Amino acid sequence: MTTHDRIERALKERIKGEVRFDYTSRLLYSTDASNYQFMPIGVVIPKDAEDVLRAVEIASEECVPITPRGAGTSLAGQSVGESLIIDFSKYMDRIIELDPERKIARVEPGVRLLQLNQALRRYNLTLGPDPATQNRCNIGGMIANNSSGSHSLVYGKTGDHVSGMKCILSDGTVVDFGPKTPEEIELLAKSCDRTGLIASKVLDLIAPHRAEINARYPKIPRRVSGYNFDTVLASEKFNLSDLVTGSEGTLAIMTEAEVTLAHLPSKKGLALLEFPDRFSALDSVPALLQTNTRALEMIDYRLLEMARQSPEHKDKMSMVDPETQGVLILEFGGDEEDPIHADLEALKKLSKDLPGSPKCLTVTDDAAQEAVWQVREAGLGLLSRRVGEVKSVEFVEDTAIPPDRLGEYVRRAEEIFTKNGTRSAIYGHAGQGCLHIRLDMTLKTAEGVAQMRAIAEEISDLVIEFGGVYSGEHGDGISRAEFLPKLYGKNIMDLHREVKRVFDPAGIMNPGKIIDPLPMDKNLKFGPDYSAKSPATYFDFSSQKGFALAVESCNGEGTCRKIDSGLMCPSYMVTMEEMHSARARANALREALKGNFDGMGDKRVLEVLDLCVACKGCKRECPIGVDMAKYKAEYLAQYYDIHGIPAKIRAYGYIDFLAAIGSIAPWFANWMTSGPFEGLIKHIAGVHPDRKLPTLAKRSFRKEFARNHVKNADKPPVILLDDAFNSYFKPETLMAGVEVLERAGFDVTLPPKPVSCARAFISKGMLKHARKAQGHLIDVLAPMVEQGMKIVGLEPSEVLTLRDEMPCLVKDKCANTVADAAFTLEEFLVEYAKDYRPGRLEGHALVHGHCHQKAVTGIEPLKEILSRVDGLKFTILDSGCCGMAGAFGYEKEHYEISRLIGERVLLPAVRSLPPEDYVVADGFSCRSQIADFCNGRKALHIAELLMMADIDSIAINM
C-alpha cells in the first residue's frame, strides 16, 4: 500500500467530512487565482474542528505537507501545493457568536466576509477590512493573508481586528491564542502549556533583535510581507494571533477566530476625480489624505475601457469622461448627511488646485455608489478580459510604498516596464500607497518568463529604495516570498525560519511559502511547457482566438463562488462544491484540452460539467465574460462525436418535433403521458417520478391563430416567433402576445412554416442538429426581415438563442441579419412602441426574470414595461435560476438539485405571496417549476399580465 493509499484510508476511517483522492478532485484543486499549478496529494473537506485535528494528526504521522484553503482566490499561490488540501469553505462556515455590545464575533474559518457583514448589518456593525473578493472570500483566508481592502484608511488590515484564535499545530496540538502579559506567559511556560512554551520561545528569539526589526520593517500602512514581528513587539500584551495572522498557513491551522467589529456609517457619499493622466492622480494623493475621506482608490483608463466592454459593468461609470486617464474615488461617510455634503463641497474647491486640475463628480445615490464600487471590485477580472495569448499578469501588482511618494514611484516603475517591453494597468488603494499593477505579457514562452523575472528583480529593488514592500495586500505566497531577503536581510529571515520551527518543527505547514520559498518563475499554470490543442469546433470562437484561449480566459478569481445574489452559479450556490463552480468547469475543460484527462472524450469532464444549467449567468456576471453554457455545449458535441448521442439526449433535443407530432392527437398523447403508461414513459425518458409532464393543449397556437386572427394591413407587421413549448403546451401565452402587440399598434404575422431556434439541441450539445435547424430558420425568416420586419419572441431562451449562439454557429451571412432583428416582447415594446401604455391593473406582481434575459439583455426593459401599468406595484426577485432550466429539472438525476436551486429564493417567495398577488415569469420552464413546487400556483407571462390590463388608448412610435 502506498503512502497516499494509507493516508486516504486513514482519513476516510477517522473523519466525518469528505475525502477526495480521485484524479478529478485533485486536478480541480491544483490551481487557484495565481499563476501556479501543483497537483495535490488529496483533498479533505472537514465538517468541524475535530475533523481538522484528525486530518492534521494523520498528515503529521505520514510527514505529509498541509495547505489550508478557503475560496481559493489567492493571487500569489498560497492555497496550492503538492500537499493535502484542507478546504474550509463548504462546511466550516458557522458564525459561532455575535456580541454587538462587546463588538466581537467568533467565526469558523469558512465564514464568508459578506455572510458575516450581512448578519451584522442590523446592528450597524461591520468587520471593516473589505477586499474586492468580499462576496466569496473566507475569513480564514483573510486572516492567513492579513487582508485589507478599499476602506483600510479607517479599518486597517484584518490583523487589526483579530483578538484571538484557536489553532491546531502540525503535531496535532490544539492551542488557544490570545493576549498574554509576560507574567502570564512565564506561568504558562512553567506549567508546560504549549501556548506558553511557544510564546516564551518566540519572545526569546525575536526580542533581542527588536532594534533591527524596527529598522528593517517599513513604517507604512500596507506591510504584509513576512511574519508580523513588528506588530508582536509593539503590542502591550503578547498575542500569538498577531503572528499567525498573515503567516499564510505556514505556522498553524486556524479553526476559530474572534474578531472585533467596527461601526458602519449609515450614510455615504462618493466623489470621483477625473485626471488627464495617471501621474497627476497619484501626485494628488498626499493632499487628498488631508480630507475626511474614508477611502481613496484609483482606477485607470485601461480598467475603464474593459468595464465598457462588460455587459454587467458597461454603464456603471458612464458619467466618467471617456478621455479620462485616471480616476480617484473618495468616500465620505457618517450618520448625518450635512457633514458629508460639506466634505464633498470642500473637495470640489480643493480639486481645482490639485495636479491636473481634475473634474470632480459627486455621487450620492446609493445605487450609483454601489455601481462604482462594483467596477472597482471587478478590476482584476475586467483586466483579464483581454483576448489572446498576451494577458494582464500578476506578480508586481501588490507593491506598497509611502503614499506621499506614489507618483514618483510609479514614474520610475513605468520606466522599468517600458524598458522591458510591456505596459501597465493600474488600480487599487492609492490612499495607502498600495497599487495593483498588472502587466501585459505571456508566460507561455521562455522569453516571457525571463521578462517576468527581470521586471520582478528590478521592481523589488525599487520598492525597497522607496521604503516600501513587495507585498502590500495579497501576500507573499510563491510570487513574492523569494524577494523577502532583499527586504529583511539574512538575520531577520533566519528569525523567520527559527520561529516557524518553533510552531512547525516537522515543516509540513504549507511549505514553499515565506520560508524557503519556491521560485516565482517555476510551476506555472501557463508556462513555456504549456500546450493545449483546440479541436475543430462547431461554434466560431475566432473572436476569442480559439476554443482553448476562450477556456483559458478564466483566471480562477472565483467570482462564480458567490452565493448571496445574482445568477452565477446556481448549482454552486446550493452545493457549495468547488466542482460545481464555473471556475472548476473551466479548469476541467482546460485540462482536457491539454490532454490531462482523456481529451475531449472523457466522461470525468462531463461529470464536472453536469450541473451547469446553461443559465448564462457567467456570461454576464463573470468580469471576464466566461460563457460556460457555450463551452459546455461545445464539449458535449465533441464528446458525442466520439461516443455517439444517447437516445435519451436525442429525445430531449427533438422535443419540438415530438410536441408537434403529439399535437396531432393531443388527447392520446396526454393519455399516454399521464395515464397508465406515465411511469414507463418517465422511466424510459429518465424523468423523475415526481415531475409533472406538461400537458399538450387541445388546439395548438397556429390553429388558434388561424381561427381568430384578422390581418390589418394598415399596421406595421411584426413576426411572432411561435416557440414549440408555448405553441403546443400553452398557446394562450402566445395569443396574449398577439393581443398585446396588436394593442400596441402592430399586425402580427407568423413564419410561413414552423421554425426552431434550436435551444433544446444546443442545451444538449447536439450542435450539428442545431446548425441545421437554425439554417432552416434563417432561410424562412431572412426574407421577411429584409423587408423590414422585426422578430418578437415570448420565450426568452428561444429568441435570445438567435442573438447569442446562432451567429457563431451558423455559417450564413444572413445569421447576423436575423439576429439583429430578434427581440423579447419587453425589448420590442420599449424600443418600437415608446408610447404604448397598458391600462390599469391594481395589485402587486412578484416578478422572476429569466436567466437568459438577465444575462443577454438585462432586465431594464422588463422594469420599464411593468412601470407603465397603472396601479401595479411590482417586485423583481434577485432569484437567479428557477432550477428547471429546460430539460435539466425533469431528469431524475437532477431533480433534487433543481428543487434546491428553486428553493434558494424563488419558491419560498412565491409560497409567501397572498393568493390575490400576481406571479410573473416569462420562461415556460420557470412557470412549470413554480407550478410543480408551489401547489399548482399559476405564473403568468408578462404578455398575459399586460393583456389583463384595461387599455384605454393605444399609441405607437415606430
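Asks: Help me out: how do you make sense of the overall build of the chain in this one?
Replies: Counting its regular elements, the chain contains 44 helices and 27 strands. Relative to a compact globule of 958 residues, whose C-alpha radius of gyration would be 30 Å, the chain shows 30 Å and is just as compact. By principal-axis analysis of the C-alpha atoms, the chain measures approximately 95 × 75 × 60 Å. When the accessible surface of the chain is summed, it comes to about 34,800 Å², and 51% of that surface belongs to carbon and sulfur atoms. Across the chain, the 117 positively charged side chains and the 134 negatively charged ones have centroids separated by 4 Å.

Asks: How do you make sense of the confidence of the model for the chain when you look at a structure like this?
Replies: Detailed reading of predicted coordinates is not advised where the pLDDT is low. Looking at the chain as a whole, the pLDDT averages 94, with 99% of positions reaching at least 70. Segment residues 951-958 is flagged for pLDDT under 50; beyond a separation of four residues in sequence, or across chains, it makes 23 contacts in the model.

Asks: Sorry if this is basic, but what is going on with a nonpolar patch on the surface here?
Replies: There is a patch of nonpolar side chains on the surface, built from Trp-667, Phe-668, Trp-671, Phe-677, Leu-680 and Ile-684 and spanning about 700 Å² of accessible area. Among the elements of the structure, α29 (666-674) and α30 (678-685) are those that each provide at least two residues to the nonpolar patch. Along the chain, Trp-667 falls in helix α29. Here Trp-667 falls in the exposed class, since its relative accessible area comes to 64%.

Asks: Sorry, what's going on with the nonpolar core here?
Replies: With 56 residues, the main nonpolar core has Met-165, Val-202, Ile-206, Phe-229, Leu-240, Leu-243 and Phe-503 as its most contacted residues. Here this core takes nine residues from helix α20 (residues 484-503), the largest share from any one element. Ignoring anything within four residues of it in the chain, the contact list for Ile-206 reads Ile-213, Phe-229, Val-232, Leu-233 and Val-499. Within the second largest apolar cluster, 54 residues are counted, among which are Met-568, Val-605, Leu-767 and Ala-773.

Asks: Please explain the state of the cysteines as it appears in this structure.
Replies: Working definition: the covalent bond between the sulfur atoms of two cysteines is a disulfide. Per the counting criterion, the structure on display carries zero disulfides. Cysteine Cys-167 shares no disulfide, and the gap to the nearest cysteine sulfur, in Cys-137, comes to 19 Å. When its relative accessible area of 0% is taken as the criterion, Cys-167 is described as buried. No disulfide involves Cys-554; its sulfur sits 6.3 Å from that of Cys-560, the nearest cysteine.

Asks: In this structure, what is going on with the packing of aromatic side chains? I would like to understand it.
Replies: Describing an aromatic ring pair means giving the distance of the ring centres and the angle of the ring planes. Per the counting criterion, the structure on display carries 27 aromatic pairs. Aromatic pair Tyr-217 and Tyr-488: ring centres 4.4 Å apart, planes at 25°, arrangement stacked. Here Tyr-217, found in the loop between α9 (210-216) and α10 (229-234), pairs with Tyr-488, found in helix α20; they are 271 residues apart in sequence, far enough to count as distant. Both residues of the pair, Tyr-217 and Tyr-488, belong to the buried class. Each ring, one from Tyr-470 and one from Phe-483, has its centre 5.2 Å from the other, and the planes form 80°; the classification is edge-to-face.

Asks: Just checking my understanding: could you explain the sheet that holds strand β26 (residues 870-876) for this structure?
Replies: Two pairing modes exist for strands in a sheet, parallel and antiparallel, and in both the strands are linked by backbone hydrogen bonds. Strand order in the open sheet formed by three strands is β26-β25-β27, and the pairing between neighbours is parallel. What marks the edges here is a single partner per strand, and that holds for β26 and β27 (918-921). Each adjacent strand pair in this sheet contributes to an overall mean axis angle of 30°, direction not counted. Relative to β26, strand β25 (residues 840-848) runs parallel, the two being bridged by six bridges. Bridge pairing in β26 links His-844 to Lys-873. Sheet strands in contact with helix α40 (residues 860-867) are β25 and β26, and its direction is about 150° off that of β26.

Asks: Help me understand the packing of helix α38 (residues 825-832) against α40 in this model?
Replies: For any two helices packed against each other, one specifies the crossing angle of their axes together with the interaxial distance. Where α38 meets α40, the axes come as close as 8 Å, and the angle between the chain directions of the two elements is 70°. Overall, the two elements α38 and α40 adopt an arrangement that is roughly perpendicular. Considering the relative orientation of α38 and α40, their crossing is left-handed. Of α40, the residues touching α38 (which contributes Glu-826, Glu-827, Leu-829 and Val-830) are Pro-861, Leu-862, Glu-864 and Ile-865. Of the residues assigned to the contact of α38 with α40, the class counts are five nonpolar, no polar and three charged.

Asks: Got a minute to help me understand the pairing of strand β14 (residues 267-275) in this structure?
Replies: Remember that side chains alternate between the two faces of the sheet whenever the strand is regular. Counting buried residues along β14, seven of its nine residues qualify, which places the element largely inside the surrounding structure. One ladder, built from nine bridges, connects β14 with strand β16 (residues 326-334); its direction is antiparallel. When the sheet's bridge partners are listed, Gly-269 is paired in β16 with Phe-332. Bridge analysis of β14 against strand β17 (residues 359-363) gives five bridges, and the strand direction is antiparallel. Considered in β17, the bridge of Ala-271 is made with Thr-362.

Asks: Any chance you could explain the sheet that holds strand β15 (residues 295-300) here in plain terms?
Replies: An order of β17-β14-β16-β15-β19-β20-β18 is seen for the seven strands of this open sheet, with the pairing classed as antiparallel. The open sheet terminates on both sides in strands that have one partner only, identified here as β17 and β18 (391-393). On average, adjacent strands in this sheet sit at an angle of 25° to one another, irrespective of strand direction. Against the sheet, helix α15 (residues 337-351) engages β14, β16 and β17, with an angle of about 10° to β14.

Asks: Quick question: what am I supposed to make of α29 here?
Replies: Residue pairs three or four apart in sequence face the same way in an α-helix, which turns once every 3.6 residues. What α29 keeps buried is the set Pro-666, Ala-669 and Asn-670. Along the axis of α29, the buried residues cluster in a sector spanning 95°; they form a single face. Here the buried face of α29 lies against α28 (655-662).

Asks: Honestly, unusual backbone geometry in this entry has me stumped. Any pointers?
Replies: Working note: non-glycine residues mostly have negative phi, and peptide bonds are mostly trans. Cys-569 follows Met-568 through a cis peptide bond whose omega is -10°. As for its placement among the helices and strands, Cys-569 is situated in the loop between α21 (547-552) and α22 (570-575). The phi torsion at Lys-545 lies on the positive side, around 60°, for a residue other than glycine.

Asks: Looking at this model, I keep getting lost on a negative patch on the surface. Mind explaining?
Replies: Negative charge collects at one region of the surface, where Asp-335, Glu-336, Glu-337 and Asp-338 lie side by side. Assignment of secondary structure puts Asp-335 in the loop between β16 and α15.

Asks: Hey, could you run me through the environment of Arg-14 in this one?
Replies: By secondary structure assignment, the location of Arg-14 is in helix α1 (residues 3-14). For Arg-14, a relative accessible area of 35% puts it in the partly exposed group. Sequence separation of Arg-14 and Val-608 is 594 residues, and the distance between their C-alpha atoms is 27 Å. Once residues within four sequence positions are removed from consideration, Arg-14 is found in contact with Arg-54, Glu-57, Ile-58 and Glu-61.

Asks: Whenever I open this one, the side chain of Lys-854 confuses me. Can you help?
Replies: Along the polypeptide, Lys-854 turns up in helix α39 (residues 851-857). Although buried, Lys-854 forms no salt bridge, and the nearest oppositely charged side chain, Asp-878, lies 5.4 Å from it. In this view, Lys-854 contacts Leu-567, Arg-620, Gly-849, Ile-859, Leu-877, Ser-879 and Gly-880; residues no more than four positions away in its chain are not counted.

Asks: Would you explain the pattern of salt bridges in this entry?
Replies: If charged atoms from side chains of opposite charge come close, those side chains can pair. Taken as a whole and judged by the stated rule, the model has 80 salt bridges. Among the ionic contacts, a cluster of salt bridges with common partners joins Arg-14, Lys-16, Asp-48, Glu-50, Asp-51, Arg-54, Glu-57 and Glu-61.

Asks: Help me understand helix α18 (residues 406-419), please; the structure alone is not making it clear to me.
Replies: Given a rise of 1.5 Å per residue, 14 residues ought to cover 20 Å, and the 20 Å separating the end C-alpha atoms of α18 matches this to within 8%. Taken residue by residue, α18 has Leu-406, Gly-407, Tyr-409, Val-410, Ala-413, Glu-414, Ile-416 and Phe-417 as its buried positions. Looking at the packing, one finds that the buried side of α18 touches α12 (278-283), α13 (285-288), β19 (424-429), β20 (434-441) and α19 (446-465).

Asks: I would appreciate a short explanation of the environment of Ile-897 in the present structure.
Replies: Mapped onto the secondary structure, Ile-897 falls in helix α41 (residues 895-904). With relative accessibility at 15%, the residue Ile-897 sits in the buried group. Taking the C-alpha atoms as reference, Ile-897 lies 15 Å from Met-568; in sequence the two are 329 residues apart. The contact partners of Ile-897, leaving out residues within four places of it in the chain, are Val-574, Thr-575, Leu-611 and Phe-888.

Asks: Is there a simple way to explain the pairing of strand β4 (residues 84-87) in this structure?
Replies: Neither face of β4 is exposed, since Leu-84 and Ile-86 on one face and Ile-85 and Asp-87 on the opposite face are all buried. In terms of strand pairing, strand β2 (residues 42-45) meets β4 through three bridges, oriented parallel. For Val-44, the partnering residue across the bridge sits in β4 and is Ile-86. Sheet topology places strand β3 (residues 66-69) next to β4; four bridges connect them, and they run parallel. Counterpart to Ile-66 in the pairing with β4 is Leu-84.

Parameters and conventions
- Residues numbered from 1 in each chain as written.
- Predicted model: local features only at pLDDT ≥ 70, side-chain atom pairs only at ≥ 80, totals over all residues.
- Heavy atoms only, no water.
- Helix = DSSP H or I, 4+ residues; strand = E, 2+ residues; numbered from the N terminus.
- Rg over C-alpha atoms; globule rule 2.2 N^0.38 Å.
- Areas by Shrake-Rupley, 256 points an atom, 1.4 Å probe, with all protein chains shown as cover.
- Lys, Arg positive; Asp, Glu negative; His and termini not counted.
- Charge placed at Lys NZ, Arg CZ, Asp CG, Glu CD.
- pLDDT = per-residue confidence, 0-100.
- Contact = heavy atoms within 4.5 Å.
- Patch = residues over 30% accessible without salt bridge, like charges linked within 9 Å, V, L, I, M, F, W, Y side chains within 5 Å.
- Salt bridge = Lys/Arg side-chain N within 4 Å of Asp/Glu carboxyl O.
- Buried < 20%, exposed > 50% of the residue type's maximum accessible area, 1.4 Å probe, protein only.
- Core = buried A, V, L, I, M, F, W, Y, C linked by side-chain atoms within 4.5 Å.
- Disulfide = S-S within 2.5 Å.
- Phe/Tyr/Trp six-rings, centres within 6.5 Å; stacked < 30°, edge-to-face > 60°.
- Pairing = 2+ DSSP bridges.
- Axes fitted to C-alpha atoms, helices over the stretch in contact; angles between N-to-C directions.
- Parallel < 35°, antiparallel > 145°, perpendicular 65-115°, else oblique.
- Left-handed = near helix turned anticlockwise from the far one by under 90°.
- Nonpolar A, V, L, I, M, F, W, Y, C, P; charged D, E, K, R; others polar.
- Arc of directions from axis to C-beta.
- Expected span 1.5 Å × (residues − 1).

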